[in-house]
Amino acid sequence: MTVFKKNLKVFFSSPIKLAIVFLLPFMFVLLFVSGGTGNLPTTVAVFDHDNTKLTKALIGEIEKSSVIVQCDENEVLDLLINSKVEYTITIEEGYTNALLSGKDVHLEDTYFINKEKLFPLMMSIEAYLNNAVNLYNISNSEEDFYLKLEYINDFEVSYSQKNIEINSSQKTVDALGFMIQFIIYSGIILAAFLLIDKETNSTIRILVSPKSLASYIFEHFLSYIVLEIIIVASLLTTLKVGFDYSFNNNFLLILLMIILFSISIIAFCIMVISILKNSKASYWFMLCATTPLIMIGGCYFDVSNMSNVVQNISKFLPTRWIMDVIRDVLLYDNTEKVTLAIVVLIAFTVVYLSISRIGLRKLLSNK
Amino acid sequence: MFTIFMFTIFMFTIKNNFKAFWIPLSIIATTLIVIFLLGSILENMQKTGVNSKERVGIINEMNHPYKDEFDKMFEGNELKKILEITCLNENEDVQLLLEEGKFHTIIEAYYLDGKNSINVSTVYPESYVLAIATNFTQTANTVTMVMQNQGDMNTLEKQYNNKILKTKILEKGNPIGLDYYGVVSMLQMIAILGIIAVYAILDDKTKNIFPRIKTAPISNFNIIAGRTIANVLYITFILVVIATLASLILGVNWNGNYLVILTVFILFSFIITLLGMISAQLTKSVTASLGVIMGIGSVLWPKYSGAFSPFIKSTIMSYVSPNFHAKNVLFATIYGGSTKTIFEGLVFLFIIAIVMMSIFTIIERSKINDSI
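Parameters and conventions
Residues numbered from 1 in each chain as written. Chains lettered and ligands numbered in written order. Predicted model: local features only at pLDDT ≥ 70, side-chain atom pairs only at ≥ 80, totals over all residues. Heavy atoms only, no water. Contact = heavy atoms within 4.5 Å. Buried area = accessible area lost by both parts, 1.4 Å probe. Salt bridge = Lys/Arg side-chain N within 4 Å of Asp/Glu carboxyl O. Polar contact = N/O pair within 3.5 Å; in protein donor to acceptor, adjacent residues only side chain to side chain. Helix = DSSP H or I, 4+ residues; strand = E, 2+ residues; numbered from the N terminus. Nonpolar A, V, L, I, M, F, W, Y, C, P; charged D, E, K, R; others polar. Expected span 1.5 Å × (residues − 1). Pairing = 2+ DSSP bridges. Axes fitted to C-alpha atoms, helices over the stretch in contact; angles between N-to-C directions. Buried < 20%, exposed > 50% of the residue type's maximum accessible area, 1.4 Å probe, protein only. Right-handed = clockwise from strand over helix to strand, strands pointing away. Core = buried A, V, L, I, M, F, W, Y, C linked by side-chain atoms within 4.5 Å.

Caption draft 1: Focus on the interface of chain B and chain A. Tallying the contact residues gives 117 residues for chain B and 110 residues for chain A. Contact between chain B and chain A buries roughly 10600 Å² in total, counting both sides, with carbon and sulfur atoms accounting for 62%. On the surface where chain B and chain A come into contact, there are 2 salt bridges. A salt bridge links Glu75 of chain A to Lys340 of chain B, with the shortest nitrogen-to-oxygen separation between them at 3.7 Å. The tally of links between chain B and chain A comes to 29 residue pairs in polar contact (both at pLDDT 80 or more). The element best represented in the side of chain B that touches chain A is helix α6 (residues 128-150) of chain B, accounting for 19 residues. Residue composition of the side of chain B that touches chain A, grouped by class: 58 nonpolar, 44 polar and 15 charged.

Caption draft 2: Structural view of helix α10 (residues 220-250) of chain B. Between its terminal C-alpha atoms α10 of chain B stretches 43 Å, which fits the 45 Å expected from 31 residues at 1.5 Å a residue. Positive phi appears at Gly251 of chain B, one or two residues downstream of α10 of chain B, with a value of about 75°.

Caption draft 3: Expanded view of the sheet that holds strand β2 (residues 67-68) of chain A. Strand order in the open sheet made by the 5 strands is β2(A)-β1(A)-β3(A)-β4(A)-β5(B), with mixed pairing throughout. Taken across any chain shown, the strands that pair with only one partner, and hence form the sheet edges, are β2 of chain A together with β5 (165-167) of chain B. Taken together, the 5 bridges between strand β1 (residues 43-48) of chain A and strand β3 (residues 87-91) of chain A define a ladder with parallel strand orientation. Each residue of the ladder has a partner; that of Val46 of chain A, found in β3 of chain A, is Ile89 of chain A. Here helix α3 (residues 53-65) of chain A sits on the sheet and contacts β1, β2, β3 and β4 (107-111) of chain A; the angle it forms with β1 of chain A, its principal contact strand, is near 175°. Together, β1, β3 and β4 of chain A together with β5 of chain B form the strand contacts of helix α6 (residues 115-138) of chain A, whose direction differs from that of β4 of chain A by roughly 170°.

Caption draft 4: Geometry of the pairing of β1 of chain A. Residue and element names in this part refer to chain A. Of all 6 residues in β1, 5 are buried; the element is thus mostly enclosed. Note: β1 against β2, 2 bridges, orientation parallel. The residue bridging Val44 from the neighbouring strand is Ile68, located in β2. In terms of handedness, the path from β1 via α3 over to β2 forms a crossover that is right-handed.

Caption draft 5: Structural context of the pattern of salt bridges. Scanning the entire structure with this criterion turns up 8 salt bridges over all chains. With its nearest N and O atoms 2.4 Å apart, the salt bridge here joins Asp154 of chain A to Lys115 of chain B. Taken together, the residues Asp154 of chain A in the loop between α7 (142-150) and β5 (157-163) and Lys115 of chain B in strand β4 (residues 115-122) connect one chain to another. Close ionic contact of Asp324 of chain A with Lys337 of chain A constitutes a salt bridge, the shortest N to O distance being 3.7 Å. Separated by 13 residues along the polypeptide, Asp324 of chain A in helix α14 (residues 318-332) and Lys337 of chain A in the loop between α14 and α15 (338-366) bring together distant segments of the chain. Here the salt bridges do not stand alone but share partners, grouping Arg320, Asp324, Asp328 and Lys337 of chain A into one network.

Caption draft 6: A look at the nonpolar core. In this structure, Leu176, Ile258 and Ile326 of chain A together with Trp254 of chain B are the most contacted members of the largest nonpolar core, which totals 183 residues. Every residue in contact with Leu176 of chain A, bar those within four places of it in the chain, is listed here: Leu236, Leu239, Phe247, Ile254, Ile258, Ile326 and Leu330 of chain A. Ile59, Tyr87, Val105 and Ile125 of chain A belong to the second largest nonpolar core, which has 35 residues in total.

Spelled out as structure tokens, the structure:
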């Protein structure tokens, strides 16, 4: 077990590798998931040139779900580009009078790219002002109208809302998406041991000794599995205990599935190293493969948002299977896909390892 | 300053970089695929208005006619396209259901003390349901007030239901998904090329070039400068190729001032090269440098430029991200932003480059002294 022991020793004696594998994932989870990224309230700039009771009431309504930003009207485009403002509304002078007298007038709004995030806000503005005009049409006077408008949210029906800040399962899914990315990186870092052997010609030296190719690959693979189990178990336990992320009583299942996934990734990295000629090419291939593997595999976005073609392609990636299981188990408490995912991940591992064996044999015969 | 020795190193590095032709080919292909995938997803989201269906639980115990109207509203096909609706019993523990992630939003609608009340609990501050429930409340109250006044909603001379908002398209158009990710994903993916700078530095170390050049007429400044210029031009060239192909194949909008675009590309390439060189100096290992480049260049910096989602806010962290400034300058020149924004972004990129260059110089000096 010389190769096995050497790999463990080398890994634990490198502080930088340890930091990348154990600290970096939490840094990113803290920054991206715990800090909150996707569900920030919309920043809105309202340029009210009319300044009436109705426009003030409208701004009050917008303020309930968004953050109003004060800024210069001439800088709108720059602020939209710099992501300082997401949505702007301009209310022209005389708008209220024109609206209430039934004229076809509009509020001018602009955005840069985030249209889908703005739909609920747009819907609220449309409904509020349409209801306001209907109330105006039955009011006896302007005073009566504004009195009625005050009751628009609390008359026969009242409305209240509560934004809940919790470590929901969705947050856990987001965090695990990042963890999967770093588990892939850790796979690359671990498989580099084999790469170093190959570069320094240790592979050849070891293989001409009584050690067989199968036992050489086995020892490398075993050391990676042990290290991956340590890495995955520490990452997930810290996420659960240290950061209080919810796993809905399925912690052990998720842990085992991610360990299985990490083994398939290790096998993938070994395959790349055994096939490609040099370390530069191997690193490069793994670097280039990582981002599409993560994107198409659904680590950041649910795969269902992608086209059918991409969804079908993603079925050939281990990331897709692990993320599907994570989503199904944590969000829907559905374990139906688990067995199939286990079979598929094992199949990926076997295929990758078989190709690695062929690659290493070829390398040996060439030398 | 630009000596013949520096030129030799420059040519040697350029030749070495282009010899491995699979590097530019793979980065170009991968970047175009990522732009296409993410761009298509964003465009789809912009059409439907949703990322994924929001899971909504409803407890409806209001009195007549509000209960029926409320149920009818959620039975509509339009809402079913964006929401996954489940009816719940009044005894359900709302907080627990949200914590367990079974629902994103729960509506509790009750008739209590002679009044109907709708309470929405959500983990999404931008939930569609908030707008839907508010609209229902306001419309229900308006209709009730109208009926109390005139007996029937139809008695209104003209029931007002007009379009209120009119969107002003930006002078040079709004970016679509492909235009957006054509810029931010390209900047994210190109960071991988920092690995070339890592190899340049570590090759010099492993081949013991620095102690040897002390006895040769080539200064270490010449070596580093020659290698850096070559790598910067190489990365800039790949950026230009990606931008051109993205424009031709995917239709990504690059109609800005080409001089500004090229300046951003050069400055950004310089920063990526410096990131690779600094990580190589600090870690002395390709694997560890790879981790640093992926962590900082492919995840941390892009995050603040909106590479993972366009829903970002500019924070203090954004100002140290070259991707954020590069994105701002590129969008400003393409979509008609002011000269101030372009200038400000370029200055920030320049400052980041200077700071990184200083860090590299400090490390380099201390390492050379150590090795001698």
